[in-house]
Amino acid sequence: MSKAPISGQTAHNLNQIRAAFLDYFGRHTHTIVPSSALVPRNDPTLMFTNAGMVQFKNVFTGQETRSYSRAATSQKCVRAGGKHNDLDNVGYTARHLTFFEMLGNFSFGDYFKEGAIELAWNLITREFALPVSRLWVTVYAEDDEAHALWKKIAGLPDERIIRISTSDNFWSMGDTGPCGPCSEIFFDHGPKIAGGPPGGADADGDRFVEIWNLVFMQYDQQSRGVRVPLPRPSIDTGMGLERLGAVLAGAHDVFSTDILRALIEAAAELTGGDPDGAHASSYRVIADHLRSSGFLIADGVTPSNEGRGYVLRRIMRRAMRHAEMLGAREPVLWRLARTLTGQMGGHYQELTRALPLIEETLKLEEQRFRTTLERGLKLLEDELVKLPVNMALPGDVAFKLYDTYGFPLDLTQDALRPRGVGVDTAGFDTAMARQKAEARAAWAGSGETADGAIWFTVRDKTGATEFLGYENEQAEALIAAIIVNGKEAPMAGAGTEAQIVLNQTPFYAESGGQLGDTGVLSLAEGGAGVTVTDTQKRLGDLHVHMGVVMNGNIRVGDVVAARVDTVRRTAIRANHSATHLLHAALRNVLGAHVTQKGSQVGPERLRFDFAHPKPLSGSELAAVEGQVNAIIRQNEAVSTHLMSPDDAIGFGAMALFGEKYGDEVRVLSMGLSDNDMGSGSAAYSIELCGGTHARRTGDIAVFHIISESAVASGVRRIEALTGEGAWRYLGARDQQLREAAQALRTAPEELTSRLVALLDERKKLERELGEARKRLAVSGASQSGAVEEKQSVELAGGVKLMARSIEGVAPKDLRGLIDAGKKSLGSGVVVFITVNDGKGAIAAGVTGDLTDRLSAVELVRVGAAVMGGSGGGGRPDMAQAGGPDGAQAGDALEAIRRYLSGSGAN
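The residue count restarts for each chain, going from 1 along the sequence in the order it is written. Given that this is a predicted model, residues contribute local features only at a pLDDT of at least 70 and side-chain atom pairs are listed and counted only at 80 or more, while totals for whole chains, interfaces and linings are drawn from all residues. Hydrogens and water molecules were not included; the side-chain quantities draw on all heavy atoms of the structure.

1. A short note on the overall build of the protein
Just so we agree on the cut-off: Strands here mean DSSP runs of E at least two residues long; helices mean DSSP runs of H or I at least four residues long; both are numbered from the N terminus. Within these notes, the globule rule equals 2.2 Å times the number of residues to the 0.38 power, and the radius of gyration is based on C-alpha atoms. Note on contacts: a residue pair qualifies if any of its non-hydrogen atoms lie within 4.5 Å across the two residues. In these tables, accessible area is a Shrake-Rupley quantity obtained with a 1.4 Å probe, and a residue counts as shielded only by the protein chains included in the view. Two residue types count as positive, namely Lys and Arg, and two as negative, namely Asp and Glu; His and chain ends fall outside the count. Note on charges: their place is set at NZ of Lys, CZ of Arg, CG of Asp or CD of Glu.
Looking only at helices and strands, the protein has 24 helices and 35 strands in total. For the protein, the C-alpha radius of gyration of 41 Å lies well beyond 29 Å, the compact-globule estimate for 906 residues. Taken over the C-alpha atoms alone, the protein extends approximately 140 × 70 × 60 Å along its principal axes. Within the protein, residue pairs in contact and separated by at least 24 positions form 67% of the contacts whose partners lie at least 6 positions apart. Summing over all exposed atoms, the protein offers an accessible surface of approximately 40,200 Å²; the carbon and sulfur share of this is 49%. In the protein, 96 positive and 110 negative side-chain charges are present, and the distance between their average locations comes to 4 Å.

Structure representation (structure tokens):
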């Protein structure tokens with residue numbers, strides 16, 4: 001059942017147009033698929049997602065299957081880097097944008113040309129009520145089938161079905177792979193706008209605007225000149241939402257559409273300017289670039305000097321430069337983020353979720369840029385005064401602006417364009433190369449190992465690695481370099497240990513105590529595979545994947561599917577987030593003097609070193625563990641902010657030990673504070689950290705401390721478990737508890753009292769046994785219990801001697817036996833030897849009336865020497881010694897008898 005055409009005051013409402021498009025295809029049994037992220041996971045050749053078909057690429061090639069054969073999307077797209085770059089045109093034309101939405105419908109082996117043409121024609125002429133008289137179409141010159149279908153379905157005359165013989169109307173995914181002819185739909189704005197029909201000499205004008213491109217994927221390009229029909233022909237279409245919105249509003253300018261107009265007017269209100277006046281192009285730049293910046297930040301891109309982050313920084317700073325030209329003296333863009341979210345956050349909820357991060361990132365970048373902009377522009381003005389007429393700005397000056405003031409080269413070029421001054425780009429490149437050479441020379445003198453030099457060469461070729469791992473655990477990537485045995489190699493075969501650099505990766509490289517990821521790299525089309533055993537950083541921003549090629553061959557330039565070991569990564573993330581909560585809990589329980597002194601976060605457990613002068617008591621450990629688990633149970637989202645280090649510290653963030661921070665840092669906030677926990681911040685834990693973390697505190701599941709020990713003077717170490725590891729550990733402990741209770745024939749809850757009773761009973765029995773042994777040893781009782789006085793006491797050298805070897809007595813109990821023996825004798829010498837584990841322990845005692853003639857110290861030395869010992873310690877009336885050969889106990893006693901009978905007793 002068809003709905004009423006969209007018209008009237010809603011005709012230019014982009015949100016309603018998007019909804020009507022998706023509703024139309026939903027009614028025609030298409031699955032409505034959410035937009036994919038702007039950072040493509042399945043096409044490493046793309047800087048950003050630039051078309052609706054990107055997320056379906058592997059479906060078209062047959063590498064992936066979906067549960068549906070028809071789909072429709074509104075895909076967010078950015079064209080501001082790489083081979084698709086509209087950045088320089090934005091603001092100066094009626095239709096160019098860096099960010100736009102592409103409406104599309106897709107058929108994966110379902111309907112083909114006739115179905116696609118009929119669906120498109122009915123939508124634009126019936127649902128959107130575009131006048132047929134204003135519509136033109138193009139077909140590929142050789143596509144007679146499409147030409148005939150347009151005549152049949154649309155009833156268009158031949159002169160409005162234009163055959164195009166160039167590649168403009170033949171689409172291909174690459175040098176090989178799916179391809180096919182296109183058919184484009186154009187809207188004629190009328191003779192009041194300059195320009196001619198497509199295919200003609202005036203086609204570049206704005207009168208005829210392409211609003212929809214239908215791609216008929218029907219061939220497989222196998223090699224140059226070899227093209228065969230696909231077994232399941234497919235459809236891929238793309239229609240720019242903003243262009244369609246302008247057409248439905250009766251305008252040819254995309255900036256007149258409601259969303260962009262709202263952003264333009266909000267910017268004009270903040271700067272006090274006329275949105276349609278002399279600086280209209282600047283307001284257009286701000287509106288467009290704000291959308292690109294906001295969506296890129298929401299999808300995890302942060303400004304940097306490399307790769308996607310550099311493109312984002314260029315976009316942001318170009319908009320900020322235009323805000324400065326409009327007279328803004330304070331940061332403006334971040335104040336527009338809420339307007340952007342209000343306009344587009346209903347459909348793209350990631351904007352709403354990321355609003356704080358978008359505002360912080362824009363504000364920080366604009367603050368930093370403004371502090372350098374004035375000085376940079378002054379340097380530029382000073383150089384222009386000295387510059388001869390018709391001469392380009394020297395490259396070393398442009399490089400200084402880039403290196404010292406953060407001016408991207410294109411921003412310098414943009415500032416000079418109104419003056420008709422160019423830039424010596426070759427000189428800029430020379431200055432850049434010179435700086436890299438100086439960095440290499442500085443490294444060579446730093447004492448690093450010689451094989452590290454290879455990474456300077458690699459980085460010069462590959463640039464920094466784009467890290468995708470905050471949001472993704474798998475992605476496609478290009479092999480940028482292969483290192484084997486410390487040297488670059490074009491390929492590596494099965495069994496080879498290799499270090500692999502990718503242009504982008506979801507693998508986290510070891511840093512800040514977090515271990516590097518492991519996983520698998522495999523050729524996207526199957527075949528070779530690499531087991532990644534570790535990921536390390538080189539030169540700060542190269543992620544190097546250490547691994548072994550398991551089968552086949554890998555080559556530089558191959559596209560691989562990079563898949564992180566998700567189970568391991570999940571465990572590491574939980575442990576890493578737990579260290580943040582542990583740090584906060586330790587400070588709450590022990591005091592603000594607690595600071596981190598190191599950590600190691602792996603999949604099995606976490607280790608956390610911290611400053612504290614003494615061991616933690618049981619109650620302190622219980623309090624720390626209890627706080628951490630309380631925050632885990634809150635199950636609050638872990639939030640990320642981007643700030644300058646100074647702002648982050650002012651925000652309450654803790655900097656991690658040993659971590660190096662750049663101009664911008666990630667700030668992780670976890671949990672809600674509780675007054676009883678002693679935290680004054682709204683968040684329980686706030687720390688600077690570049691690692692990967694749990695999405696919510698509840699993902700940690702449980703936290704359990706397994707040990708607390710000393711590492712060094714004033715430094716303690718806690719080792720702990722989380723998640724599955726903690727459950728296994730606690731489960732094993734619980735099983736041991738049940739088994740112990742069963743062995744003692746009691747309930748687990750009664751085990752402690754039962755053990756206390758048994759220990760008390762054992763102590764009593766040990767005391768009684770010890771007393772009995774003493775009595776037996778002193779009395780010299782036989783096995784029958786009878787006492788033989790002549791065996792228990794003898795005369796040696798004229799003094800009474802009680803000397804014997806005894807069993808079952810610990811060396812520490814000999815002193816008590818000596819005292820009992822001396823008391824029994826009244827006057828004389830007592831010697832006992834006990835043997836344990838083959839070693840002999842000897843003790844001797846001399847009554848007080850004999851100590852002027854005999855020394856217990858000398859007696860034990862005589863006996864110990866026979867058992868292989870030496871020395872002895874004590875007093876004249878009591879001494880102990882030992883020897884390793886207890887088997888000589890009898891001979892030791894005999895030696896003492898001889899000593900007493902000889903001159904030593906006189």
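2. Side note on the packing of aromatic side chains
Each aromatic ring pair is summarised here by two numbers: the centre-to-centre distance and the angle between the ring planes. What counts, and what does not: For this analysis, a ring pair means two rings from Phe, Tyr or Trp (six-membered ring only for Trp) whose centres lie within 6.5 Å, classed as stacked if their planes differ by under 30 degrees, edge-to-face if by over 60, and tilted for the remaining angles. A 1.4 Å probe rolled over the protein chains alone gives each residue an accessible area, and that area as a share of the maximum for its type sets the label: buried under 20%, exposed over 50%, partly exposed in between.
In this structure the tally under the stated criterion is 19 aromatic pairs. Aromatic pair F399 and Y402: ring centres 5.9 Å apart, planes at 45°, arrangement tilted. Taken together, the residues F399 and Y402, both in helix α12 (residues 395-405) and three residues apart, mark about one turn of the helix. Just as F399 is buried, Y402 falls in that class too. Seen from their ring centres, F399 and F428 are 5.8 Å apart, and the 65° between their planes marks the pair as edge-to-face.

3. Describing the packing of helix α6 (residues 258-271) against helix α7 (residues 280-298)
Note the following rule: Axis definition: a line fit to C-alpha positions, over the contact stretch in the case of helices; interaxial angles, taken between N-to-C directions, run 0 to 180 degrees. Working rule for handedness: look at the near helix, and if it is turned counterclockwise from the far one by less than a right angle, call the crossing left-handed; if clockwise, right-handed. When residue character is reported, Ala, Val, Leu, Ile, Met, Phe, Trp, Tyr, Cys and Pro are called nonpolar, Asp, Glu, Lys and Arg charged, and the others, Gly included, polar.
Interaxial distance between α6 and α7 falls to 9 Å at its minimum, and their mutual angle equals 115°. Our pair here, α6 against α7, has a crossing hand that is right-handed. Here I259, L260, L263, I264, A267, A268 and T271 of α6 lie close against α7, whose contacting residues are Y283, R284, I286, A287, D288, L290 and R291. By residue class, the composition of the contact of α6 with α7 is ten nonpolar, one polar and three charged.

4. Section: the side chain of H543
Mapping H543 onto the fold places it in strand β20 (residues 542-551). Other than its neighbours up to four places away in sequence, H543 contacts T465, F467, I500, V501, L502, T505, F507, Y508, A509, T535, Q536 and K537.

5. Quick look at the pattern of salt bridges
The criterion, for reference: By salt bridge we mean one thing: a side-chain nitrogen of Lys or Arg within 4 Å of a carboxyl oxygen of Asp or Glu.
Tallying each qualifying case throughout the model produces 42 salt bridges. Its salt-bridge partner being E383, residue K386 comes within 3.4 Å of it at the nearest N-O pair. One end of the pair is K386 and the other is E383, both in helix α11 (residues 355-386) and three residues apart, which spans about a single turn. Note on E383: relative accessible area 18%, which makes it buried.

6. A closer look at α12
Given 3.6 residues to a turn, an α-helix orients residues that are three or four positions apart in the same direction. Taken together, the buried positions of α12 are occupied by G395, V397, A398, F399, L401, Y402 and Y405. The positive-phi residue at the C-terminal boundary of α12 is G406, with phi of around 75°.

7. Quick word on the nonpolar core
As a reminder of what qualifies: Residues belong to one nonpolar core when they are buried, are Ala, Val, Leu, Ile, Met, Phe, Trp, Tyr or Cys, and are joined through side-chain atoms within 4.5 Å.
The biggest cluster of nonpolar side chains holds 135 residues, and the ones touching the most others in it are L130, W150, I185 and W212. Sorting elements by how many residues they give to this core places α11 first, with ten residues. Apart from residues no more than four positions distant in its own chain, W212 is found in contact with F21, F25, N105, A120, L123, I124, S183, E184, I185, T237, G238 and M239. Core analysis: the second largest hydrophobic core is formed by 28 residues, A585, L606, L616 and I705 among them.

8. Focus: the sheet that holds strand β25 (residues 639-643)
To keep things clear, this is the line we draw: Should DSSP find at least two bridges between two strands, the strands are taken to pair.
A sheet is described by the order of its strands in space; here three strands give the open sequence β25-β26-β27, paired in antiparallel fashion. With one partner strand each, in any of the chains shown, β25 and β27 (683-688) form the two edges of the open sheet. Direction aside, the axes of adjacent strands within the sheet are offset by 25° on average. By the bridge criterion, five bridges tie strand β26 (residues 665-672) to β27 in an arrangement that is antiparallel. Of the residues in β27, the one forming a bridge with M670 is S685. Packed onto the sheet, helix α17 (residues 618-634) meets β26 and β27 and runs at close to 95° relative to β26.

9. Digging into the pairing of strand β22 (residues 559-564)
Here strand β13 (residues 474-484) pairs with β22 via five bridges, running antiparallel. When the bridges of β22 are listed, Q474 appears paired with R563. Pairing geometry for strand β18 (residues 519-523) and β22, over five bridges, is antiparallel. Opposite V520, over in β22, you have R563 as the bridge partner.

10. A short note on unusual backbone geometry
At N485, a position not held by glycine, the phi torsion is positive, near 55°. Along the chain, N485 turns up in the loop between β13 and β14 (487-488). Positive phi, normally seen in glycine, also occurs at D837, with a value near 55°. Tracing the backbone shows D837 in the loop between β32 (829-836) and β33 (839-846). On the basis of relative accessible area, D837 is assigned to the exposed category, the value being 82%.

11. Overview of the state of the cysteines
Joining two cysteines, a disulfide is a covalent bond between their sulfur atoms. As a reminder, the rule being used: Criterion for a disulfide: a pair of cysteine sulfur atoms at a distance within 2.5 Å.
What the rule picks out here adds up to zero disulfides. Of all cysteine sulfurs, the one in C182 lies closest to C77, which takes part in no disulfide; the gap is 16 Å.

12. Thoughts on the packing of α11 against helix α13 (residues 409-416)
The relative placement of two packed helices is expressed as an angle between their axes plus a distance between the axes. The condition is simple: Angle categories: roughly parallel below 35 degrees, roughly antiparallel above 145, roughly perpendicular from 65 to 115, and oblique for all the rest.
At a minimum axis separation of 12 Å, α11 and α13 run at an interaxial angle of 55°. Judged on the interaxial angle alone, α13 and α11 are oblique. Regarding α11 and α13, the two cross each other, and that crossing is right-handed. Within the contact between the two elements, α11 uses F369, L380 and L384 and α13 uses L411, T412, A415 and L416.

13. Notes on the side chain of H322
Heads up, the rule is: In the analysis that follows, any N or O atom pair within 3.5 Å is treated as a polar contact, provided that within protein one partner can donate a hydrogen and the other can accept it, and provided that, for residues neighboring in sequence, both atoms belong to side chains.
By the element assignment, H322 lies in helix α8 (residues 307-325). In this structure H322 comes out as buried when scored by relative accessible area, which is 2%. Within polar-contact distance, the side chain of H322 engages the side chain of S282 at 2.9 Å.

14. Quick look at the sheet that holds β33
Strands sit in the order β30-β31-β32-β33-β35-β34 across an open sheet of six strands; the sheet is mixed. Each edge of the sheet is formed by a strand with only one pairing partner; in this case those strands are β30 (794-796) and β34 (873-875). Geometrically, the sheet is characterised by an average inter-axis angle of 25° between neighbouring strands, direction not taken into account. Bridge analysis of β30 against strand β31 (residues 799-806) gives three bridges, and the strand direction is antiparallel. Looking at the pairing, A796 lines up with V799 of β31.

15. Focus on the pairing of β33
Most of β33 sits inside the fold, with seven of its eight residues counted as buried. Bridge count for β32 against β33 is eight bridges, and the pairing is antiparallel. Residue pairing in the sheet places T834 in a bridge with A841 of β33. Two elements, β33 and strand β35 (residues 878-883), share six bridges in a ladder whose sense is antiparallel. Paired with A841 across the strands is G882, a residue of β35.

16. Considerations on the environment of T341
Turning to its location among the elements, T341 is positioned in helix α9 (residues 333-344). Residue T341 is classed as buried on the basis of its relative accessible area of 11%. Remark: the alpha-carbon pair of T341 and A354, spanning 13 residues in sequence, is separated by 9.5 Å.

17. Focus on α11
Heads up, the condition is: To estimate the expected span of a helix, subtract one from its residue number and multiply by 1.5 Å. Bend, in this description, refers to the angle at a residue between axes fitted to the seven residues ending there and the seven starting there.
Taking 1.5 Å per residue as the helical rise, α11 with its 32 residues ought to reach 46 Å, and the 45 Å between its terminal C-alpha atoms agrees with that figure. Largest kink in α11: about 35°, centred on L373.

18. Quick look at the environment of F703
Secondary-structure assignment places F703 in strand β28 (residues 703-712). For the pair formed by F703 and L468, sequence separation is 235 residues and the distance between their alpha carbons is 28 Å.

19. A look at the confidence of the model for the protein
Inclusion rule: As a per-residue measure, pLDDT tells how confident the predictor is, with possible values from 0 to 100.
Mean pLDDT over the protein works out to 87, with 90% of the residues at or above the 70 mark. Note that residues 782-791 has pLDDT below 50 and, in this model, seven contacts with residues that lie over four places away or in other chains.

20. Looking at the environment of D143
You can see D143 is positioned in the loop between β6 (135-140) and α4 (144-154). For D143, a relative accessible area of 5% translates into the label buried. Separated by 269 residues in the primary sequence, D143 and T412 have C-alpha atoms spaced 47 Å apart. Excluding its chain neighbours within four sequence positions, the residues that come into contact with D143 are K113, R163, P181 and F216.

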